Amino acid sequence: MGKLEELIVSLPDIKKFQDYNVYPQSLNQFNNSWVFMIKEKEADFLVASGEVSKEFKGDNFINEKCNYLIAPLTHENAQVLRRIFPFTAPVPVLKSERTFGVGDRLGLACPGHIRVFKEYDARPVFAQQSIRELNLTNRTYADVLDAVSFSVFREGYKYGFGADGDHLKKPEEIVYALENGYTMITLDCSEHIRNDVLGMSKDEVDKEAILNLELKERYLNRTFTVEDEEVNYTEEELKRCILIYQDAIRFAAKIYHEFIVNSNREVNFEISIDETFSPTTPTQHYFVANELLLAGVKPDTLAPRFCGEFQKGIDYIGDIDQFEKELKTHAAIARHFGYRLSVHSGSDKFSIFELIGKYTKGRFHVKTAGTNWLEAMEVVAMKDQALYREIHAYALEKFPEAQKYYYVTTDLNQITELGELSDSNLPSLFKNNHARQLIHITYGFILNAKNEDGSYRFKDRLYGLWRKHEETYSEMLHKHIGEHLKLLYQGFDK
Ligand code: ZN
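About the thresholds
Residues numbered from 1 in each chain as written. Predicted model: local features only at pLDDT ≥ 70, side-chain atom pairs only at ≥ 80, totals over all residues. Heavy atoms only, no water. Helix = DSSP H or I, 4+ residues; strand = E, 2+ residues; numbered from the N terminus. Expected span 1.5 Å × (residues − 1). Buried < 20%, exposed > 50% of the residue type's maximum accessible area, 1.4 Å probe, protein only. Donors = N, O, S within 2.8 Å, 3.2 Å for Na, K, Ca; no water. Tetrahedral: all angles 85-135°; square planar, octahedral: opposite > 155°, others 65-115°. Polar contact = N/O pair within 3.5 Å; in protein donor to acceptor, adjacent residues only side chain to side chain. Contact = heavy atoms within 4.5 Å. Axes fitted to C-alpha atoms, helices over the stretch in contact; angles between N-to-C directions. Parallel < 35°, antiparallel > 145°, perpendicular 65-115°, else oblique. Nonpolar A, V, L, I, M, F, W, Y, C, P; charged D, E, K, R; others polar. Salt bridge = Lys/Arg side-chain N within 4 Å of Asp/Glu carboxyl O. Left-handed = near helix turned anticlockwise from the far one by under 90°. Pairing = 2+ DSSP bridges. Core = buried A, V, L, I, M, F, W, Y, C linked by side-chain atoms within 4.5 Å.

Brief notes about helix α13 (residues 371-383)
Taking 1.5 Å per residue, 13 residues should reach 18 Å; α13 reaches 19 Å between its end C-alpha atoms and fits that length. When you tally the buried positions in α13, you get eleven out of 13 residues, the bulk of the element. Of all the positions in α13, only Thr371, Asn372, Trp373, Leu374, Glu375, Ala376, Met377, Glu378, Val379, Val380 and Ala381 are classed as buried.

Topic: the coordination of the zinc ion
Within the protein, the zinc ion binds to His167 (NE2), Asp274 (OD), Glu275 (OE) and His344 (ND1); these donor distances fall in the range 2.1 to 2.7 Å. Viewed at the metal, the four donor atoms of the zinc ion are separated by angles of 79 to 174°, and the geometry they form is irregular. Within one chain, the residues donating to the zinc ion are spaced in sequence as H-x106-D-E-x68-H. Of this pair, Glu275 sits in the loop between β12 (268-272) and α10 (282-294) while His344 sits in the loop between β14 (340-343) and α12 (353-359), and the two are 69 residues apart along the sequence. Given a relative accessible area of 8%, His344 falls into the buried group.

Side note on unusual backbone geometry
The step from Leu11 to Pro12 runs through a cis peptide bond, and the omega angle for that step is 5°. Phi is positive for Asn21, close to 50°, though the residue is something other than glycine. A relative accessible area of 43% means that Asn21 is categorised as partly exposed. Its identity is not glycine, yet Asp348 carries a phi of approximately 65°, on the positive side. Secondary-structure assignment places Asp348 in the loop between β14 and α12.

Some points on the side chain of Ser345
With respect to the helices, strands and loops of the structure, Ser345 is situated in the loop between β14 and α12. By relative accessible area, Ser345 is classed as buried at 18%. A polar contact is formed between the side chain of Ser345 and the side chain of Lys312, at a distance of 3.5 Å. Contact partners of Ser345, with chain neighbours within four places excluded, come to Phe310, Lys312 and Lys367.

Digging into the packing of helix α14 (residues 385-402) against helix α15 (residues 433-441)
A pair of packed helices is characterised by two quantities: the angle between their axes and the separation of those axes. Packing of α14 against α15 brings their axes to within 8 Å, and their N-to-C directions diverge by 80°. Taken together, the axes of α14 and α15 lie roughly perpendicular to each other. Along the contact surface, α14 presents Tyr388, His392, Ala395, Leu396, Phe399 and Ala402, while α15 presents Leu438, Ile439 and Ile441. Looking at side-chain class alone, the contact of α14 with α15 contains eight nonpolar, one polar and no charged residues.

Observations concerning the pattern of salt bridges
Applying the stated criterion across every chain yields a total of 39 salt bridges. In this structure, the salt-bridge partner of Glu76 is Lys57, at a minimum N-O distance of 3.9 Å. One end of the pair, Glu76, is in helix α2 (residues 75-84); the other, Lys57, is in the loop between β3 (44-49) and β4 (59-62), with 19 residues separating them in the sequence. For Glu76, a relative accessible area of 44% translates into the label partly exposed. Between Glu155 and Arg154 there is a salt bridge whose closest N-O contact spans 2.8 Å.

Here we look at the packing of helix α3 (residues 110-117) against helix α5 (residues 141-155)
The N-to-C vectors of α3 and α5 enclose an angle of 55°; their axes lie 9 Å apart at closest approach. Relative to α5, α3 is oriented oblique. Note that α3 runs across α5; the crossing there is right-handed. Here α3 contributes Cys110, Pro111 and Ile114 to the contact with α5, which in turn contributes Val148, Ser151, Val152, Arg154 and Glu155.

A word on the sheet that holds strand β7 (residues 123-130)
In space, the eight strands of this closed barrel follow the order β6-β7-β8-β9-β12-β13-β14-β15, with parallel pairing throughout. Mean inter-strand twist for the sheet, computed between neighbouring axes without regard to direction, equals 25°. Two elements, β14 and strand β15 (residues 364-368), share three bridges in a ladder whose sense is parallel. Looking at β15, one finds that Leu341 is bridged to Phe364. Across the sheet, α5 touches β7 and β8 (162-168), and the angle it forms with β7 is around 155°.

A closer look at the nonpolar core
Counting residues in hydrophobic clusters, the biggest one holds 111 residues, and the most contacted among them are Phe56, Phe126, Tyr233, Phe287 and Phe323. In terms of residue count, the dominant contributor to this core is helix α9 (residues 235-261) (15 residues). Here Phe323 is in contact with Phe306, Cys307, Phe310, Tyr316, Ile352, Leu355 and Ile356, once residues within four sequence places are set aside. Counting residues in hydrophobic clusters, the runner-up holds 40 residues, among them Trp373, Val408, Ile439 and Phe445.

Concerning the pairing of β15
Regular strands have side chains that alternate between both faces of the sheet. Most of β15 sits out of view: five of its five residues are buried. By the alternation rule, side chains of β15 split into Phe364, Val366 and Thr368 and His365 and Lys367, which are all buried. Across four bridges, the pairing between strand β6 (residues 99-102) and β15 is parallel. Within the sheet, the bridge partner assigned to Thr99 lies in β15 and is His365.

Quick notes on the environment of Glu40
Examined against the element boundaries, Glu40 turns out to sit in the loop between β2 (33-39) and β3. The class for Glu40 is partly exposed, based on a relative accessible area of 31%. Sequence-wise, Glu40 and Phe399 are 359 residues apart; in three dimensions their C-alpha atoms are separated by 37 Å.

Things to note about the environment of His257
Examined against the element boundaries, His257 turns out to sit in helix α9. For His257, a relative accessible area of 35% translates into the label partly exposed. With near-sequence residues (within four places) excluded, His257 lies in contact with Asn262, Ala295, Gly296 and Val297.

Focus on the sheet that holds β4
Adjacent strands of a sheet pair through backbone hydrogen bonds, lying either parallel or antiparallel. In space, the five strands of this open sheet follow the order β1-β2-β3-β5-β4, with antiparallel pairing throughout. This sheet does not close on itself; its edge strands, each paired only once, are β1 (28-30) and β4. This sheet shows a mean twist of 25° between the axes of neighbouring strands, independent of strand direction. Judged from the four bridges that link them, β4 and strand β5 (residues 67-72) form a sheet pairing that is antiparallel. Paired with Phe61 across the strands is Tyr68, a residue of β5.

In structure tokens:
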């Protein structure tokens, strides 16, 4: 590391940055000291000069010209960074007109994501992980946020980002996310939504649903006007709404009052009712929104289950005309009740983005989660074909097991056999929806696969490769996520 002091004494002159592999956007001043980030072969490090170096934990270098410290990217140092440079800490962003959530399963995608959000005014949620994703990737909420804080510092992204405890179902999960400084809670109500009601006969519904006078007066023989849409209820419809959503509404209200209202800081709140078998009809959406309002719940965003299929990593499947019609009403209901629509599993839904931009009038929250994993695997197919072939074969082997956790319509017979693909044709697999889903849903198996001696079968090689080809990965994400934003923005006038 030798002469880093030569660089430090010449700051803020950045002419020497190249010689020391400094990330140029990372240079920041705190009082009279400098902090920046350098790239070493195996990892990145923070460098802190002068007084501020006392704050971080690392190796100290002192001589007559200057003193500085080289600090590893640990959780402890991330906490210091967030305290000293608040732009590296998450903030509640959901009050913004439009927001976009991009999970980062590997802790490597954020620099690529940042390139996109330097170009669009949608505010990003860079840290966004469900408990299941944490388990499958062996990461913690602290790990996820730290990786984002370091990336934001490194790339000089200073417009503010959110951190979403995504699809949380239990109080202890919410506490866990909040304790780690997360600024958004997405409450997954699916365990409190009844999926069996759709298949019940009118008689069965009559027998089970209790329709008291209050609810009758609230909903029956009335027409609710929402912009230029009308919503009204038959008695049977109302009863079904009650049976399907009553518990979920109670659950959301309890969580909201206990954890969001009572929090000592502002926390964004999203209610997700999307993980259900049947779509949320506009009538049901209105019912849920109205009952939440009466229970004093004010979500920032709500994710209904839209009609059609939102499968992982591929375009929308379904009747676009019906989607458009229902989206128009859903968006109007959301505006009426003062929150924004949230669209989950938003990766690669290129045929509907413009409609979402249009009917939400540019006020939306869209989430993508695993698409950055697919892009990372495409990098493998491009740069290390032998490794990709090994992983692809392993994914095929594990697919039946992985399929238990996801709803996908993957047909493995539609994927060209590896033996028939030349090395240079391997990346073309990522244009095939079946291959995309194969790789998409087996990520936990791939990352956790172990050799007999207990070492990781793929993980270490993968991370080594991704580090080496970081620029390629960032540029692919820039392009791919950028395409999502471009289409969303085509739908509305700014
Ligand atoms: Zn969801």
